[in-house]
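# Reading the structure
One-letter residues, chain by chain:
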Amino acid sequence: MTSLLDPLRVQGLHLRNRLVMPPMASELATRSGEVTDALVTHYRSRCRSVGLVIVEHSYIHPVGRLSEKQLGIYGDESIAGLSKLAKAVHEEGTPIAIQINHAGRRANSRICGAQPVAPSSIPDPESKETPHELTVEEIQSIVRAFGLAASRAIKAGFDAVEIHGAHGFLLNQFCSPLTNTRNDTYGGILENRMRLPLEVASEVLRTVGRDIAVLYRLGADDMLPGGLTLEDSKKIAQALASSGIAIIDVSGGLCGSRPPNLSGQGYFSHLAQAIKQAVKIPVITTGGIKTPQFADEIIKTGIADLVGVGRALAADPDWAARAIETLKK
């Protein structure tokens, strides 16, 4: 029976166990998105016992920036700092990935310095701003920006790249019928709404090559009337797997990472289990997991192949080390 402590090999990734430090915004970058010593310390202190670190969402373009101290990967000037971060985690014996993202309409003009962009001109419920509806040419520019960001990650020494397609950000916005009302090849039926995520996946895979694992964080359910459903996301996951994506990292859609209607440990595990049954590649689950026993049971019962523990690790850098010692007893 496979357990949390068992290793896993996925494409170029060799993981010593199934425990993942998932991407969590730390707001420790500079105001221009550069790596700081505090950011390096944050990851170095938490990576020592996990199988994989996925660095927080990093914006691929200034207009896709979400927050003032969000990590950036939008220009070549970021490579030196990101190299320092990757080297620090590698020194602890841990593989490291980075999540690349565009906030879409969730961006704020006060922070990103321009009108936010989106699949359709539907105001964001938080900022109340109406985004610019992307043209096909602008969409293709964003595809290229994702590829360039992935290239920078590899130049900086990262072992893998995760594409962010969850939590109401741009790729999730294209998939959801609540935020995508286009009538061209990027809107309407599901096959059109998933077109941009698949184009981004294809570009990133082409950029990084066959030896680098590419992950996709899938917003598997909007949990809103008329939104993206789990059945839709099974089809998206299958298409992503067929394109060459190595791991699906399951989370929430427009509902975000902490849906108010879900609680308890592993509140996204039912979504992960459904996606795992639909694909033949490894699946990560997250969602309020606090105890090593619960994380171990997820693996042993086949709900998911990897377990992300976020807030517990954020609060206690030594959580993973103690969890492993507990499970070894």
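Whatever comes next refers back to the structure up there.
Now for a look at the structure at hand. Owing to the predicted nature of the structure, the values given are computational and were not obtained by experimental measurement. Position numbers for residues start from 1 in each chain and track the written sequence from start to end. Local features are withheld for residues below a pLDDT of 70 in this predicted model, meaning they are given only at 70 or higher, and side-chain atom pairs are given and counted only at 80 or more; totals for whole chains, interfaces and linings count all residues. With hydrogens and water stripped out, all remaining heavy atoms of the structure feed into the side-chain values.

### Things to note about the pattern of salt bridges
Criterion for a salt bridge: a side-chain nitrogen of Lys or Arg within 4 Å of a carboxyl oxygen of Asp or Glu. Inspection of the entire model under this criterion finds 16 salt bridges. Residues arginine 152 and aspartate 76 are paired through a salt bridge, measuring 2.9 Å at the closest nitrogen-oxygen approach. Of this pair, arginine 152 sits in helix α4 (residues 136–155) while aspartate 76 sits in the loop between β4 (52–59) and α2 (79–90); the two residues are 76 residues apart in sequence, bridging distant segments of the chain. Exposure classes here rest on a 1.4 Å probe applied to the protein chains alone. A residue is buried below 20% of its type maximum, exposed above 50%, and partly exposed in between. Looking at arginine 152, the relative accessible area reads 9%, which means it is buried. In this structure, glutamate 91 engages lysine 87 in a salt bridge whose closest nitrogen and oxygen atoms are separated by 2.6 Å. Here the salt bridges share partners, and the residues they tie into one network are Arg44, Arg48, Lys87, Glu91 and Glu92. For helices the rule is a DSSP run of H or I covering at least 4 residues; for strands it is a run of E covering at least 2, with both sets numbered from the N terminus onward.

### Quick notes on the packing of helix α7 (residues 195–208) against helix α8 (residues 230–243)
Fitted lines through C-alpha atoms serve as axes, helices being fitted only where they are in contact, and the angles separating the N-to-C directions of these axes extend from 0 to 180 degrees. Put simply, α7 and α8 touch, their axes get as near as 10 Å, and they point 20 degrees apart. Relative to α8, the element α7 is oriented roughly parallel. The chirality of how α7 crosses α8 is right-handed. For the pair α7 and α8, contact is made by Pro197, Leu198, Ala201 and Leu205 and by Ala239, Leu240 and Ser243, respectively. As a working rule, the residues Ala, Val, Leu, Ile, Met, Phe, Trp, Tyr, Cys and Pro are called nonpolar, Asp, Glu, Lys and Arg charged, and the rest polar, with Gly in that last group. Tallied by class, residues from the contact of α7 with α8 come to six nonpolar, one polar and no charged. With respect to orientation, any angle under 35 degrees is reported as roughly parallel, any angle over 145 as roughly antiparallel, any angle of 65 to 115 as roughly perpendicular, and every other angle as oblique. Should the near helix be turned counterclockwise from the far one by less than a right angle, the crossing is left-handed, whereas a clockwise turn marks it as right-handed. The contact rule is simple, with two residues in contact once any of their heavy atoms fall within 4.5 Å.

### Description of the pairing of strand β9 (residues 213–219)
Buried residues dominate β9, accounting for seven of its seven residues. Where burial is concerned, the two faces of β9 agree: the one with Ala213, Leu215, Arg217 and Gly219 and the one with Val214, Tyr216 and Leu218 are both buried.

### A look at helix α9 (residues 269–278)
Burial in α9 covers these residues: Ser269, Leu271, Ala272, Ala274, Ile275 and Ala278. Those residues of α9 that are buried are in contact with β9, α8, β10 (247–251) and β11 (283–285).

### Notes on unusual backbone geometry
Despite not being glycine, glutamine 11 has its phi angle at roughly 50 degrees, a positive value. Examined against the element boundaries, glutamine 11 turns out to sit in the loop between β1 (8–10) and β2 (13–15). Residue classification places glutamine 11 among the partly exposed residues on the basis of a relative accessible area of 40%. Within the chain, histidine 167 stands out as a residue other than glycine whose phi angle is a positive 60 degrees. On the secondary structure map, histidine 167 appears in the loop between β8 (160–165) and α5 (170–175). On the basis of relative accessible area, histidine 167 is assigned to the buried category, the value being 10%.

### A look at the sheet that holds strand β5 (residues 96–101)
Pairing between sheet strands relies on hydrogen bonds along the backbone, with the strands arranged either parallel or antiparallel. In this scheme, strands are said to pair when DSSP sees at least two bridges between them. Pairing in this closed barrel of eight strands is parallel, and the strands run β3-β4-β5-β8-β9-β10-β11-β12 around the ring. Adjacent strand axes in the sheet meet at a mean angle of 25 degrees, parallel and antiparallel pairs treated alike. Across the sheet, α4 lies against β5 and β8, angled at about 160 degrees from β5, the strand it touches most. Here α9 sits on the sheet in contact with β9, β10 and β11, set at roughly 175 degrees to β11.

### Looking at α8
Relative to the 20 Å expected for 14 residues at 1.5 Å per residue, α8 spans 20 Å between its end C-alpha atoms, a close match to the ideal helical length. Looking only at α8, the buried set comprises Leu230, Asp232, Ser233, Ile236, Ala237 and Leu240. Looking down the long axis of α8, one finds its buried residues gathered within 140 degrees of arc, a one-sided arrangement. Summarising the contacts, the buried residues of α8 are in contact with α5, α6 (190–193), α7, β9, β10 and α9. Residue glycine 244 follows α8 closely and has a positive phi angle near 120 degrees. For a helix, the expected span equals 1.5 Å multiplied by the residue count minus one. Note: the arc covers the axis-to-C-beta directions of the helix.

### Focus on the nonpolar core
Core analysis: the biggest nonpolar cluster contains 88 residues, and Phe158, Ile163, Val204, Ile248 and Ile275 have the highest contact counts within it. If you tally residues by element for this core, the top one is α4, at eight residues. Look past the residues within four positions of isoleucine 248 in its chain and what remains in contact with it is Tyr216, Leu218, Ala237, Leu240, Ile275, Ile281, Pro282, Val283 and Ile284. We define the nonpolar core as a collection of buried residues of types Ala, Val, Leu, Ile, Met, Phe, Trp, Tyr and Cys that are connected through side-chain atoms lying within 4.5 Å of one another. Residues Val20, Ala160, Ala213 and Leu306 belong to the second largest nonpolar core, which totals 15 residues.

### Focus: the packing of α8 against α9
Running from amino to carboxyl end, α8 crosses α9 at an angle of 45 degrees, the nearest separation of the two axes being 9 Å. In this view, α8 runs oblique relative to α9, as classed from their interaxial angle. Handedness of the α8/α9 crossing: right-handed. Here α8 contributes Leu230, Ser233, Lys234, Ala237 and Gln238 to the contact with α9, which in turn contributes Leu271, Ala274, Ile275 and Ala278.

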